[in-house]
Amino acid sequence: MREGRVSYEKARIVAGAATEKTLARWLARAEEATCVELRRQAQAEEKTQMCERGELRVRVPGWMRRGTSPRPTPAPKMRRGTSPRPTPAPK
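Summary of the structure given here. (Residues numbered from 1 in each chain as written. Predicted model: local features only at pLDDT ≥ 70, side-chain atom pairs only at ≥ 80, totals over all residues. Heavy atoms only, no water.)

**Here we look at the overall build of the protein**
Per the secondary structure count, the protein includes four helices and zero strands. In the protein, the order of α-helices and β-strands from amino to carboxyl end is α-α-α-α. Residues counted as buried form 15% of the 91 residues belonging to the protein. Pairs at least 24 residues apart make up 34% of the contacts formed inside the protein by residues separated by at least 6 positions. Accessible area for the protein stands at about 8500 Å²; split by element, carbon and sulfur atoms hold 54% of it. (Helix = DSSP H or I, 4+ residues; strand = E, 2+ residues; numbered from the N terminus. Buried < 20%, exposed > 50% of the residue type's maximum accessible area, 1.4 Å probe, protein only. Contact = heavy atoms within 4.5 Å. Areas by Shrake-Rupley, 256 points an atom, 1.4 Å probe, with all protein chains shown as cover.)

This is the structure:
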């Protein structure tokens, strides 16, 4: 990315998909493919590897891995006599 070979988004895709052994191949792909094509290639390869290993790899936010929840957001205050759901129109 520093050399201007690939965009930030392509670098993110490559970082998530490449290993030390496959980095050169992924960079070559990134230079030729669009972001959408590159993401699809990465997803297809990840799916193939998961099937071969017989395991599921899931990306989760950091707070879920730590077992804590993000800061709770208070529910919006409702005015008296209002409904949280839209009222259906009369027939």
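There is more to say after this.
**Structural notes on the pattern of salt bridges**
Counted by the stated rule, this structure contains four salt bridges. Across the pair Arg-12 and Glu-9 runs a salt bridge, and its minimum N-O distance is 3.1 Å. Remark: Glu-9 and Arg-12 occur in helix 1 (residues 8–17); sequence separation between them is three residues, near one turn of the helix. The exposure class assigned to Arg-12 is partly exposed, which follows from its relative accessible area of 48%. Of the charged contacts, one joins Glu-45 and Arg-29 as a salt bridge, the two residues approaching to 3.3 Å between their closest N and O atoms. Note that Glu-45 is positioned in helix 3 (residues 35–53) and Arg-29 in helix 2 (residues 23–32), a separation of 16 residues in sequence. (Salt bridge = Lys/Arg side-chain N within 4 Å of Asp/Glu carboxyl O.)

**As for the packing of aromatic side chains**
Per the stated rule, a full pass over the model turns up zero aromatic pairs. One Lys or Arg, Arg-29, reaches over the ring of Trp-26 and ends 4.2 Å from the middle of that ring. (Phe/Tyr/Trp six-rings, centres within 6.5 Å; stacked < 30°, edge-to-face > 60°. Lys NZ or Arg CZ within 6 Å of the ring centre and 35° of its normal.)

**So, the nonpolar core**
In summary, soluble globular proteins display a tendency toward joint burial of nonpolar side chains. Counting nine residues, the largest nonpolar core consists of Val-6, Ile-13, Val-14, Ala-18, Trp-26, Ala-30, Ala-33, Leu-38 and Ala-42. Counting only elements with at least two residues in this core, the list comes to helix 1, helix 2 and helix 3. Each residue touching Ala-18, except ones within four places of it in the same chain, is listed here: Leu-23 and Trp-26. (Core = buried A, V, L, I, M, F, W, Y, C linked by side-chain atoms within 4.5 Å.)

**Some words on a nonpolar patch on the surface**
Nonpolar side chains collect at one region of the surface, where Leu-56, Val-58, Val-60, Trp-63 and Met-64 lie side by side and expose about 490 Å² of accessible area between them. Here Trp-63 shows up in helix 4 (residues 62–66). (Patch = residues over 30% accessible without salt bridge, like charges linked within 9 Å, V, L, I, M, F, W, Y side chains within 5 Å.)

**Overview of helix 1**
Inspection of helix 1 places Lys-10, Ile-13 and Val-14 among the buried residues, and these make up the whole buried set. Down the axis of helix 1, the buried set is contained in an arc of 95 degrees. They therefore lie on one face. Projecting away from the buried face of helix 1 at angles above 90 degrees are the exposed residues Tyr-8 and Ala-15. Its buried side turned inward, helix 1 meets helix 2 and helix 3. (Arc of directions from axis to C-beta.)

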